[in-house]
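Geometric and topological summary
Here are the chains, one letter per residue:
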Amino acid sequence: MAQGPVRYDSAGGRWVLVATVLGSSLAFIDGTVVNIALPAIGRDFDADAAGLQWTVNGYALSLAALILLGGSLGDRYGRKRVFAVGVAWFAAASLLCGLAPTIELLIGARVLQGIGGALLTPGALAILEASFVPEDRSRAIGAWSGLGGIGGALGPFLGGWLVEVAHWRLIFLINVPIAALVLLVTARHVPESRNPSAARELDVTGVLTGMAGLGGLTYGFTAWPSQGPGSPTVLVSLGVGALGMAWFVIAEHRSPHPMLPLTLFRAKAFTGANLVTFLVYAALGGVFFLVVLNLQVVAGFSPLAAGLALLPVTVLMLLLSARAGALGRRIGPRIPMTVGPLICAAALVWLSRIGPGASYPTEVLPPVIVFGLGLSLLVAPLTATALGALDDAHAGIASGVNNAVARAAGLLAVAVLPLAAGIGTGDLTDPAALAPTYRAAMLICAALMVAGSVLAMILVPGRLPRDASQAGSTAGQQ
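No experiment lies behind these values; they were computed from the predicted model shown. (Residues numbered from 1 in each chain as written. Predicted model: local features only at pLDDT ≥ 70, side-chain atom pairs only at ≥ 80, totals over all residues. Heavy atoms only, no water.)

1. With respect to the overall build of the chain
Heads up, the rule is: The secondary structure listing takes helices from DSSP runs of H or I that are at least 4 residues long and strands from runs of E that are at least 2 residues long, numbered from the N terminus. In this scheme, a residue with accessible area under 20% of its type's maximum is buried, one over 50% is exposed, and one in between is partly exposed, where area comes from a 1.4 Å probe on protein chains only. We call two residues contacting when some pair of their heavy atoms lies within 4.5 Å. All accessibility values rest on the Shrake-Rupley procedure with a 1.4 Å probe; residue burial counts only the protein chains present in the view.
Secondary structure assignment for the chain yields 17 helices and 0 strands. Looking at the chain as a whole, 59% of its 478 residues are labelled buried. Taking as baseline every contact in the chain between residues at least 6 positions apart, the subset at least 24 positions apart corresponds to 85%. For the chain, the accessible surface area stands at approximately 17600 Å², while carbon and sulfur atoms represent 69% of it.

Following this line, the structure appears as structure tokens:
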């Protein structure tokens, strides 16, 4: 087993990449594959729009609410240990999802899945940050982003094929053997790391207020279309959510051992990277939720064809993300993080034109390729900036914060975007209800990307201080 930081090109480095890529792909694949299965799940359970939204949001809610805790636990008790627990938990919850007899029990199992994802997701990035020597970290994160595209590529293909020729339940059951492989590789090849100065007490108040805040806002926005803005349920839920988020900030400010140390945001690069993350991943949450639905419900694609439609995005990320990470290290993160979202925004305006009878080669594939190029340029420098803006001791919490921001953004996007785009009380599986709002939703997502680009240009430094010093050291060695 590897001991201490390793080089990117070493055997130990390759095994660390395998474990973290496969582990994080479990959480990522389920976020995309479930979208492909939503029409089939809706038919089997006769579920309404809220039920389908909660099939996505039940997972995203517990993931976003607890991911900070997952990063904090990894810093305290060992990132490898918490990562392995998360993988095992995720596998058990996936089994429950595959066996769920009702939509309510499926949503409950998805909540449990999110808890496992909250433990394993920040651990994957924190393990990368702690396991590689400093000069190889940007390259490793870029490779992680790109290799994650393998899971992203296989996930929609396999998920669409399983839904079409077998049953949607298999998209959950297949997680179990993959998780077993991750646990084996992790046990044998991933080095343990932790923050020795981390407090041992858990921030219970932070966990509870964060869950109340995110849960209240998500439930309120999800219930709004069917119950109306004046409904007591909606008003109480949104009120609880707003109060919970305010209380969370106060509690973290006062806590002697906060789950989210607010002092971290004194680092301008860290704050800027997370603000950009929120806007970009809010857009991505809407895109991956609605594009696949639109292709099936409005354009008439089969589940397999819809799953394969976004395959070029993941292939491009696989091929280009490591290079984008190296580019961001060489020229600084500001330019890639400014240009990447603008390319994505142009692609989303193009994607908004997909309607009934759309042709894949002429109307879907070109904007998908442009979107993949934009994401490939953006994601690795964004992730490297969020992690590299803080010292190594805070790798777990930095990863947890960035993942929490991304997941919370996607969570709120799935809850809010259909409402903001005008779907009202419509059915997400009804072409007449979905088609008029799809274009508006894509334009909103494009606007979020443009806003992310502007923030990156203003808040992200031309070069991270740590990268600058490492670049000077490397130049001296050469």
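Now, onward.
2. Some remarks on the side chain of Ser 376
Which entries qualify depends on this criterion: The term polar contact refers here to a pair of N or O atoms within 3.5 Å; inside protein, the definition further demands a hydrogen-donor-capable atom paired with an acceptor-capable atom, and it admits residues adjacent in sequence only when both atoms are side-chain atoms.
Residue placement: Ser 376 occurs in helix H14 (residues 360-388). Within the structure, the side chain of Ser 376 is placed 3.3 Å from the backbone nitrogen of Met 317, a separation counted as a polar contact. Residues in contact with Ser 376, not counting those within four places in the same chain, are Leu 316, Met 317, Leu 320, Ser 321 and Ala 324.

3. Some points on a nonpolar patch on the surface
So the rule is basically this: What makes a patch is a set of residues exposed beyond 30% relative accessible area and free of salt bridges, joined within 9 Å when like-charged and within 5 Å when nonpolar (Val, Leu, Ile, Met, Phe, Trp, Tyr). The rule for a salt bridge is simple: a side-chain nitrogen of Lys or Arg has to be within 4 Å of a carboxyl oxygen of Asp or Glu.
Together, Leu 342, Val 450, Val 454, Met 457 and Ile 458 make up an exposed nonpolar region whose accessible area comes to about 420 Å². When residues in the nonpolar patch are grouped by element, the largest group, 4 residues, is from helix H16 (residues 431-459). Along the chain, Val 454 falls in helix H16.

4. A word on helix H10 (residues 268-297)
Put simply, the rule reads: Here the expected length of a helix is defined as 1.5 Å per residue gap, with one fewer gap than residues.
An ideal rise of 1.5 Å per residue puts 44 Å on 30 residues; H10 measures up with 43 Å between its terminal C-alpha atoms. Buried residues dominate H10, accounting for 25 of its 30 residues.

5. Notes on the environment of Ser 72
By the element assignment, Ser 72 lies in helix H2 (residues 49-77). A relative accessible area of 6% places Ser 72 in the buried class. Along the chain, Ser 72 and Pro 122 lie 50 residues apart, while their C-alpha atoms are 9.0 Å from each other.

6. Some words on the side chain of Thr 209
Within the fold, Thr 209 resides in helix H8 (residues 204-227). A residue is classified by how much of its surface remains accessible, and Thr 209, at 5% relative accessible area, is buried. A polar atom in the side chain of Thr 209 sits 3.3 Å from the backbone oxygen of Gly 206. Thr 209 has contacts with Gly 244, Met 245, Trp 247 and Phe 248, leaving out every residue within four places of it along the chain.

7. Quick word on the packing of aromatic side chains
Rule in force here: Only the six-membered ring of Trp is used, alongside the rings of Phe and Tyr, when aromatic pairs are assigned; centres must lie within 6.5 Å, and planes under 30 degrees apart are stacked while those over 60 apart are edge-to-face, with the rest tilted.
This structure, assessed with the given rule, holds 4 aromatic pairs. Ring geometry for Phe 45 against Trp 168: centres 5.6 Å apart, planes inclined by 70°, an arrangement best described as edge-to-face. Taken together, the residues Phe 45 in helix H1 (residues 11-45) and Trp 168 in the loop between helix H5 (137-165) and helix H6 (170-173) connect sequence positions 123 residues apart. Where Phe 265 meets Phe 270, the ring centres are 5.3 Å apart and the plane angle is 50°; that geometry is what we call tilted. An aromatic cluster is defined as three or more aromatic residues linked by ring pairs; in this entry it consists of Phe 45, Trp 168 and Phe 172.

8. Looking at the packing of helix H3 (residues 79-99) against helix H7 (residues 175-189)
We apply this condition: Axis definition: a line fitted to C-alpha atoms, over the contacting stretch in the case of helices. Angles run 0 to 180 degrees between N-to-C directions. Oblique is the label for any angle not covered by the other classes, which are roughly parallel (under 35 degrees), roughly antiparallel (over 145) and roughly perpendicular (65 to 115). Throughout, a crossing is termed right-handed when the near helix is turned clockwise from the far one, and left-handed when it is turned anticlockwise from it by less than a right angle. Residue polarity is assigned by list, with Asp, Glu, Lys and Arg as charged and Ala, Val, Leu, Ile, Met, Phe, Trp, Tyr, Cys and Pro as nonpolar; anything else, Gly included, falls into the polar class.
Running from N to C, H3 and H7 point in directions that differ by 165°, and their axes come no closer than 9 Å. Between H3 and H7, the interaxial angle falls into the category roughly antiparallel. The crossing of H3 and H7 is left-handed. Of the residues in H7, those in contact with Lys 80, Phe 83, Ala 84, Val 87, Ala 88, Phe 90, Ala 91, Ser 94 and Leu 95 of H3 are Asn 175, Val 176, Ala 179, Val 182, Leu 183, Thr 186 and Ala 187. Counted by class, the contact of H3 with H7 contains 12 nonpolar, 3 polar and 1 charged residues.

9. So, the packing of helix H13 (residues 334-351) against H16
As a packed pair, H13 and H16 sit with axes 8 Å apart at the nearest point and diverge in direction by 170°. Viewed along their axes, H13 and H16 adopt a mutual orientation that is roughly antiparallel. Handedness of the H13/H16 crossing: left-handed. Two secondary-structure elements touch here, H13 through Arg 334, Met 337, Thr 338, Pro 341, Leu 342, Cys 344, Ala 345, Leu 348, Val 349 and Leu 351 and H16 through Tyr 438, Met 442, Leu 443, Cys 445, Ala 446, Met 449, Val 450, Ser 453, Ala 456 and Met 457.

10. Observations regarding the environment of Val 292
Along the chain, the position of Val 292 falls in helix H10. Sequence-wise, Val 292 and Pro 303 are 11 residues apart; in three dimensions their C-alpha atoms are separated by 8.5 Å. Ignoring anything within four residues of it in the chain, the contact list for Val 292 reads Asn 35, Ile 36, Val 287, Ala 306 and Leu 310.

11. Remarks on helix H9 (residues 232-254)
End to end, H9 covers 32 Å across 23 residues, agreeing with the expected 33 Å (1.5 Å per residue, within 8%). The opening residue of H9, the one whose side-chain oxygen lies 3.2 Å from the backbone nitrogen of Thr 233, is Ser 231.

12. Some remarks on the environment of Ala 179
One can find Ala 179 in helix H7. C-alpha of Ala 179 to C-alpha of Ala 84: the two residues are 95 residues apart in sequence and 9.3 Å apart in space. Each residue touching Ala 179, except ones within four places of it in the same chain, is listed here: Leu 26, Val 87 and Ala 91.

13. Section: the confidence of the model for the chain
Filter applied, for reference: Values of pLDDT, which run from 0 to 100, indicate the predictor's confidence residue by residue.
When pLDDT is averaged across the chain, the result is 81; 86% of the residues are at 70 or more. Between the elements of the chain, mean pLDDT differs from a low of 36, seen in helix H17 (residues 465-477), to a high of 96, seen in H13. Taken together, the stretch residues 467-478 has pLDDT below 50 and engages in 6 contacts with residues farther than four places along the chain or on a different chain.

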